[in-house]
Amino acid sequence: LAAMSLRHLLALARARRMHPPPGRLVDLGGYRVHVLAEGERREGRAPVVWFAGGHASGYAILHLHRAFRGETRSILIDRPGTGWSDAGPFPRSTAREADEMVRALEGAGETGPFIWAGHSFGGLLVANIARRRPELVHTVVLLDPTPLETIVFGPRLSALADMRRGAWQGGFAQLFGINLLRRHEARMRRTPAYARAMDATAAVLGPEVQALRDDETSAASFFTQASIYRELTPEGVAAVAWDTVVYDRD
């Protein structure tokens, strides 16, 4: 196990040397967040800040960034523990990351108001940012966002439990250089429909995203997911509700 762990650390260091961050690393007080901002800010067109679903890096929606950076300023941020960002302090939470994302933009010299666009769990983050900092909001675009009400009042979703369990297991395995995610994907590829979908996704996102996946094979990436996914239970929502479920005039 020690040999496998050392091999993993060397491979991770090599991957990060081969794929340096394309954007700017902003120090938030002992840890860094990666911000990629491209395109020119144009009159009458507010800059767009994108957040992908899950607890994913900005590169997970690189295809949207590519489409918009020729039209206006387009910004991708790697949430702590993803992409080129450091893991940051624990526990991870939407409320903590809402504050971090704003500070990262300010540290990178980006000024609002912004169009905030978030998919799924990224939509929950966008809504939280918008309600906290309305002066930074031009428009909010929610792409099938995660509604905490359904988690509190709806039926238990086994898929969410699987996400949390898989993140913990993946993190512990990765400490010893065992990538459970790659093994899971290899099993998925045995089903032709899944294989076609995975190939189509890779083609749309491009080779840069595939290269980034080598950089993200760290235990910290899995453990940050496991930490923030604790919100996605009725008990988890109740524990963070005061900071996360921010409603106007409540």
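Here, every reference points to the structure presented above.
This text gives an overview of the structure that appears in the document.

Here is what the cut-offs are and how they apply
- Residues numbered from 1 in each chain as written.
- Predicted model: local features only at pLDDT ≥ 70, side-chain atom pairs only at ≥ 80, totals over all residues.
- Heavy atoms only, no water.
- Helix = DSSP H or I, 4+ residues; strand = E, 2+ residues; numbered from the N terminus.
- Expected span 1.5 Å × (residues − 1).
- Phe/Tyr/Trp six-rings, centres within 6.5 Å; stacked < 30°, edge-to-face > 60°.
- Buried < 20%, exposed > 50% of the residue type's maximum accessible area, 1.4 Å probe, protein only.
- Polar contact = N/O pair within 3.5 Å; in protein donor to acceptor, adjacent residues only side chain to side chain.
- Contact = heavy atoms within 4.5 Å.
- Axes fitted to C-alpha atoms, helices over the stretch in contact; angles between N-to-C directions.
- Parallel < 35°, antiparallel > 145°, perpendicular 65-115°, else oblique.
- Left-handed = near helix turned anticlockwise from the far one by under 90°.
- Nonpolar A, V, L, I, M, F, W, Y, C, P; charged D, E, K, R; others polar.

With 14 residues, helix α8 (residues 192–205) extends 20 Å between its outermost C-alpha atoms, agreeing within 8% with the 20 Å of an ideal straight helix rising 1.5 Å per residue. Just beyond α8, the residue with positive phi is glycine 206, at close to 95°.

This part covers the packing of aromatic side chains. Taken as a whole and assessed by the stated rule, the structure comprises seven aromatic pairs. On the numbers, 5.1 Å between centres and 65° between planes, the contact of tryptophan 50 with phenylalanine 68 is edge-to-face. Of the two residues, tryptophan 50 sits in strand β3 (residues 48–51) while phenylalanine 68 sits in helix α2 (residues 62–68), which places them 18 residues apart along the sequence. Residue classification places tryptophan 50 among the buried residues on the basis of a relative accessible area of 6%. For phenylalanine 68, a relative accessible area of 35% corresponds to the partly exposed category. Taking 5.3 Å as the distance between ring centres and 70° as the angle between the ring planes, the aromatic pair formed by phenylalanine 114 and tryptophan 116 counts as edge-to-face. Just as phenylalanine 114 is buried, tryptophan 116 falls in that class too. Within the aromatic cluster, the residues linked to one another by ring pairs are Trp168, Phe172 and Phe223.

Looking now at the side chain of serine 227. If you trace the backbone, serine 227 turns up in helix α10 (residues 219–228). A distance of 2.8 Å separates a polar atom in the side chain of serine 227 from the backbone nitrogen of arginine 92. Discounting residues that sit within four places of it in the chain, serine 227 has contacts with Phe90, Pro91 and Arg92.

Relative to each other, helix α3 (residues 94–107) and helix α4 (residues 121–132) sit at 65°, their axes nearing to 9 Å. Our classification of the angle between α3 and α4 gives roughly perpendicular. Viewed along their axes, α3 and α4 form a crossing whose handedness is right-handed. Contacts from Thr94, Ala95, Glu97, Ala98, Met101 and Val102 in α3 reach Phe121, Leu124, Leu125, Asn128, Ile129 and Arg132 in α4. Considered class by class, the residues forming the contact of α3 with α4 number eight nonpolar, two polar and two charged.

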